[in-house]
Amino acid sequence: NGGGLPLNNKQRNMLPNKSRGEFTRNARKDSEGLSESPDFEFEYADTDKWAAELSELYSYTEGPEFALNRKCFEVEFRAHVPDKRWTELDAEQHRAHAMRLLDSLEVTARDKRLKVARAILYMAQGTFADCSSEAEVQHWMRYNIFLLLSVGTFSALVELLNMEIDNSAACSSAVRKPAISLADSTDLRVLLNIMYLMVETIQQDDPTDKPEWKIIRETFRAELGSPLFNNEPISVMLFSMVTKFCSGHAPHFPMKKVLLLLWKSILFTLGGFEQLQNIKVRQREELGLPPLPEDSIRVIRSMRAASPPASASDLIEQQQKRARREHKGLIKQDNLDAFNEKDPYKPDDSSMETETFPLERDEVMPVPIPHLPAERMSFPKGLPWAPKVREKDIENFLESSRSKFIGYTLGNDTDTVVGLPRPIHESIKTLKQHKYVSIAEIQITKEEEYQKTPLSVGEEEVEMSSTELLYQGILPSLPQYMIALLKILLAAAPTSKAKTDSINILADVLPEEMPTTVLQSMKLGVDVNRHKEIIVKAISAILLLLLKHFKLNHIYQFEYMAQHLVFANCIPLILKFFNQNIMSYITAKNSISVLDFPYCVVHELPELTAESLEAGDNNQFCWRNLFSCINLLRILNKLTKWKHSRTMMLVVFKSAPILKRALKVKQAMMQLYVLKLLKVQTKYLGRQWRKSNMKTMSAIYQKVRHRLNDDWAYGNADLDARPWDFQAEECALRANIERFNSRRYDKSHSNPDFLPVDNCLQSVLGQRVDLPEDFQMNYDLWLEREVFSKPISWEELLQ
């Protein structure tokens with residue numbers, strides 16, 4: 001490859017390791033002026049690997065309780081089966097023992113009940129004392145949990161959890177305590193642990209499952225999403241725990257476990273990202289819309305990260321190198337270095353930009369060299385996304401063209417092109433080719449019809465899906481739920497300062513006796529940081545899942561939730577979260593892998609030392625933290641998309657430098673969502689910002705979807721973005737949401753003129769009317785006054 005053509009991936013992989021490394025180093029050294037970090041090998045999914053999701057349920061402080069659960073189980077088990085191990089029994093004996101434990105759970109004595117609950121928890125943990133490997137523990141967990149579910153354990157646990165939620169004695173004693181510890185939440189933790197293990201294990205779809213397990217799984221999914229528990233889905237019950245905790249009435253609630261169970265219940269009942277994609281495809285088919293231009297998850301997975309912008313120190317170093325190079329004479333070279341010395345895609349030194357954000361070599365058009373064989377040529381890739389155009393964009397384009405060339409306007413007409421020049425006809429044709437109608441637009445149009453002509457449109461048929469049932473369940477208290485989740489997110493964010501008035505989210509991690517040695521303090525420090533990270537992960541996943549499902553179910557359900565998040569200051573909160581060293585957050589080592597379940601119950605624990613705690617794990621990054629960051633960026637995108645008032649909030653809160661720093665994380669998906677957020681506000685950031693951030697602008701152009709006549713890259717005044725319209729925009733949206741909610745869900749305030757009238761004489765006279773007591777006592781008087789003493793002309797009445 002001597003001609004200086006950039007190598008593509010395939011060619012680069014054919015090089016021996018040494019030269020491959022040298023190529024990368026040389027090719028990047030001068031063009032970037034910063035040390036090159038590798039792309040993060042991160043695959044975004046609904047959840048982390050099963051073992052990781054299991055281990056995050058327990059804090060390290062809970063470690064001693066594994067042995068306690070085992071002891072409780074063995075006392076019960078040995079009383080009935082003295083000479084055999086659990087793994088040696090047959091299915092009938094297993095079922096008989098599970099039934100015995102379930103019966104014992106209904107005792108009144110609290111301490112006895114806790115011991116039985118611990119024995120059930122040990123079963124859900126895979127009866128690990130009889131296992132020799134982590135895989136074996138996971139096998140027995142799955143077996144035992146399906147067994148527990150089939151005998152009806154989950155419903156019993158929900159009843160016990162309700163009792164604990166309403167336990168006023170525990171609440172009042174926790175409120176009075178100066179410091180809350182792990183001991184205050186013991187009963188709740190044991191119940192939530194079992195419930196979480198059941199939901200998390202059953203939602204894992206295993207192709208080797210028996211047919212009856214598959215039936216149990218689907219039945220359980222339907223039950224979880226239905227109002228079977230206290231006439232509400234399980235998620236609504238958990239949401240009420242979150243608000244009770246945030247109001248200060250129940251500071252002992254183990255919030256991390258509640259949030260994890262809430263997240264997994266929503267994920268299991270409503271479905272993850274792939275199910276969302278399938279629902280979207282199905283709904284578009286039902287509405288007669290053209291299929292989606294691409295599967296967004298697949299497109300993002302195939303994208304590569306761009307190199308991050310250089311920091312100030314890197315830029316100074318770069319300038320010094322350039323200054324030194326100017327003094328040297330030019331040396332003619334035919335090898336690879338010639339390409340690196342004078343990069344054809346780099347601006348001249350005189351027009352140096354204040355940031356360095358080079359595009360990936362593979363994605364830039366290479367210099368054509370005619371004599372190379374065809375298979376060695378590296379052709380430029382196309383843009384990753386199909387462009388989209390909204391109906392409104394076509395209307396605006398036609399209106400401006402008509403007023404410019406002919407001087408008249410036609411309102412919403414997008415077909416009449418009389419008198420317009422030929423190139424305009426071509427433009428309209430291209431715009432219409434790429435026109436994209438969303439499900440939301442159809443839903444908004446239908447809602448307008450229901451509001452305008454309720455009688456002729458008729459009754460709306462609402463499909464009672466799990467999403468619809470959940471929305472109906474959380475609708476009355478949705479604003480409080482959103483505020484509570486954001487309060488906890490704020491308390492768990494690493495940028496938050498510890499305030500005396502903020503909520504204490506460490507109830508289920510702090511030990512009864514505080515650490516006395518340096519090692520214990522270090523371990524607790526890791527535990528607390530990990531605890532906060534897991535809370536952020538759960539909340540970010542809950543919010544994103546709800547927003548995405550509500551948006552598909554009905555756009556105004558999404559808008560209702562989104563508006564309450566905005567009112568509760570979600571936008572500045574997420575920006576505050578990103579206003580930290582995001583690289584160090586993503587590469588944080590807040591885990592002690594030898595203490596993670598199920599590793600810690602199968603292997604002998606090595607001696608922990610300060611050095612081993614400081615070393616952390618060998619992973620390149622922390623999966624949960626990268627997952628949380630992407631979720632929060634996606635939430636921010638959902639809240640601000642097509643909303644000028646909220647886009648201006650991004651500008652007002654000076655989000656551009658914060659978001660630009662997040663581009664340092666070399667992960668394609670995270671960069672894409674950062675670039676989207678920068679794109680929407682580019683035109684408001686001023687010419688100087690655009691001039692000095694041309695590499696970021698190039699990355700936006702290269703990675704973010706194109707809207708064909710969107711002038712995002714220019715500072716043209718936007719008609720939709722007049723500052724005095726901002727409040728009006730939110731108020732109009734709020735009015736639409738309230739009309740939708742009251743039409744669909746508030747039957748008490750329905751218009752009396754539209755209610756059916758009963759005209760049947762028999763049924764009207766046959767209705768039972770309860771008369772007040774005083775009327776019955778004075779019935780004779782009433783008859784005398786109203787009937788006998790009044791002359792009635794029956795002839796007139798009949799006419």
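Residues numbered from 1 in each chain as written. Predicted model: local features only at pLDDT ≥ 70, side-chain atom pairs only at ≥ 80, totals over all residues. Heavy atoms only, no water.

1. Concerning empty space enclosed by the protein
Then comes step 1: Summed over all chains, the structure comprises eight cavities of 30 Å³ or more.
Then comes step 2: In this structure, the second largest cavity occupies an estimated 80 Å³ of space.
Then comes step 3: Arg 110, Arg 113, Leu 114, Ala 117, Leu 160, Glu 164, Asp 187 and Leu 191 together form the lining of the second largest cavity.
Then comes step 4: Elements with a minimum of two residues in the lining of the second largest cavity: helix H6 (110–124), helix H8 (153–165) and helix H10 (186–203).
Then comes step 5: The residue makeup of the lining of the second largest cavity, split by class, is four nonpolar, no polar and four charged. (1 Å grid on protein atoms, 1.4 Å probe; cavity = no way out; pocket = protein on both sides within 12 Å on 5 of 7 lines; lining within 4 Å. Points joined across faces, edges and corners; volume = space filled by probe spheres on them. Helix = DSSP H or I, 4+ residues; strand = E, 2+ residues; numbered from the N terminus. Nonpolar A, V, L, I, M, F, W, Y, C, P; charged D, E, K, R; others polar.)

2. Focus on unusual backbone geometry
Then comes step 1: Residue Pro 598 is bonded to the preceding Phe 597 through a cis peptide linkage, with omega at 5°.
Then comes step 2: Of note, Pro 598 is situated in the loop between helix H27 (582–586) and helix H28 (599–602).
Then comes step 3: The phi dihedral of Thr 127 falls on the positive side, at around 35°, and the residue is not glycine.
Then comes step 4: If you trace the backbone, Thr 127 turns up in the loop between H6 and helix H7 (134–150).

3. Thoughts on the pattern of salt bridges
Then comes step 1: Applying the stated criterion across every chain yields a total of 42 salt bridges.
Then comes step 2: Between Arg 118 and Glu 65 there is a salt bridge, with the nearest N and O atoms lying 3.4 Å from each other. Separated by 53 residues along the polypeptide, Arg 118 in helix H6 and Glu 65 in helix H4 (residues 65–80) bring together distant segments of the chain. Here Arg 118 and Glu 65 have matching classes, each one buried.
Then comes step 3: For Arg 189, the salt bridge is made with Glu 65, and the minimal N-O distance between the two is 3.0 Å. Taken as a pair, Arg 189 in helix H10 and Glu 65 in helix H4 lie far apart in primary sequence, 124 residues in all. Pair check on accessibility: Arg 189 and Glu 65 agree, each one buried. (Salt bridge = Lys/Arg side-chain N within 4 Å of Asp/Glu carboxyl O. Buried < 20%, exposed > 50% of the residue type's maximum accessible area, 1.4 Å probe, protein only.)

4. Notes on the packing of aromatic side chains
Then comes step 1: Going through the model one piece at a time under the given rule, you end up with 31 aromatic pairs.
Then comes step 2: Geometrically, the ring pair formed by Phe 42 and Trp 623 is tilted, given 5.4 Å between the ring centres and 45° between the ring planes. In this pair, Phe 42 is assigned in the loop between helix H2 (17–32) and helix H3 (50–55) and Trp 623 in helix H30 (residues 623–640), connecting sequence segments 581 residues apart. Summarising the burial analysis for this pair, Phe 42 and Trp 623 share the class buried.
Then comes step 3: With centroids separated by 4.4 Å and ring planes inclined at 10°, the aromatic side chains of Phe 146 and Trp 213 adopt a geometry described as stacked. Taken together, the residues span a long stretch of sequence, with Phe 146 in helix H7 and Trp 213 in helix H11 (residues 211–225) at a distance of 67 residues.
Then comes step 4: Residue Phe 146 is classed as buried on the basis of its relative accessible area of 1%.
Then comes step 5: Taking relative accessible area as the criterion, Trp 213 reaches 13% and is therefore assigned buried.
Then comes step 6: Here the basic side chain of Lys 551 rests over the ring of Phe 558, its NZ or CZ set 5.3 Å away from the ring centre.
Then comes step 7: The ring of Phe 273 carries Arg 634 above its face, with NZ or CZ at 5.0 Å from the centroid. (Phe/Tyr/Trp six-rings, centres within 6.5 Å; stacked < 30°, edge-to-face > 60°. Lys NZ or Arg CZ within 6 Å of the ring centre and 35° of its normal.)

5. Quick look at H8
Then comes step 1: Its 13 residues place the ends of H8 18 Å apart at the C-alpha level, agreeing with the 18 Å of an ideal helix rising 1.5 Å per residue.
Then comes step 2: Those residues of H8 that sit buried are Thr 153, Phe 154, Ala 156, Leu 157, Val 158, Leu 160, Leu 161, Asn 162, Glu 164 and Ile 165. (Expected span 1.5 Å × (residues − 1).)

6. Examining the packing of helix H5 (residues 91–104) against H7
Then comes step 1: Where H5 contacts H7, the two axes come as close as 10 Å, and the packing angle between them is 60°. Viewed along their axes, H5 and H7 adopt a mutual orientation that is oblique. The handedness of the crossing between H5 and H7 comes out as right-handed. On H7, the residues touching Ala 91, His 94, Arg 95 and Ala 98 of H5 are Trp 140, Tyr 143, Leu 147, Leu 148 and Ser 150.
Then comes step 2: Considered class by class, the residues forming the contact of H5 with H7 number six nonpolar, two polar and one charged. (Axes fitted to C-alpha atoms, helices over the stretch in contact; angles between N-to-C directions. Parallel < 35°, antiparallel > 145°, perpendicular 65-115°, else oblique. Left-handed = near helix turned anticlockwise from the far one by under 90°. Contact = heavy atoms within 4.5 Å.)

7. Focus on the packing of H30 against helix H33 (residues 668–681)
Then comes step 1: Two elements in contact, H30 and H33, have axes whose closest approach is 9 Å; the angle formed by their N-to-C orientations is 25°. In terms of axis orientation, H30 runs roughly parallel to H33. Considering how the two elements wind past one another, H30 and H33 form a crossing that is left-handed. Where H30 approaches H33, its residues Leu 626, Cys 629, Ile 630, Leu 633, Arg 634, Leu 636, Asn 637 and Thr 640 are matched on the opposing element by Met 669, Met 670, Tyr 673, Val 674, Lys 676 and Leu 677.
Then comes step 2: In terms of residue class, the contact of H30 with H33 is made up of 10 nonpolar, two polar and two charged.

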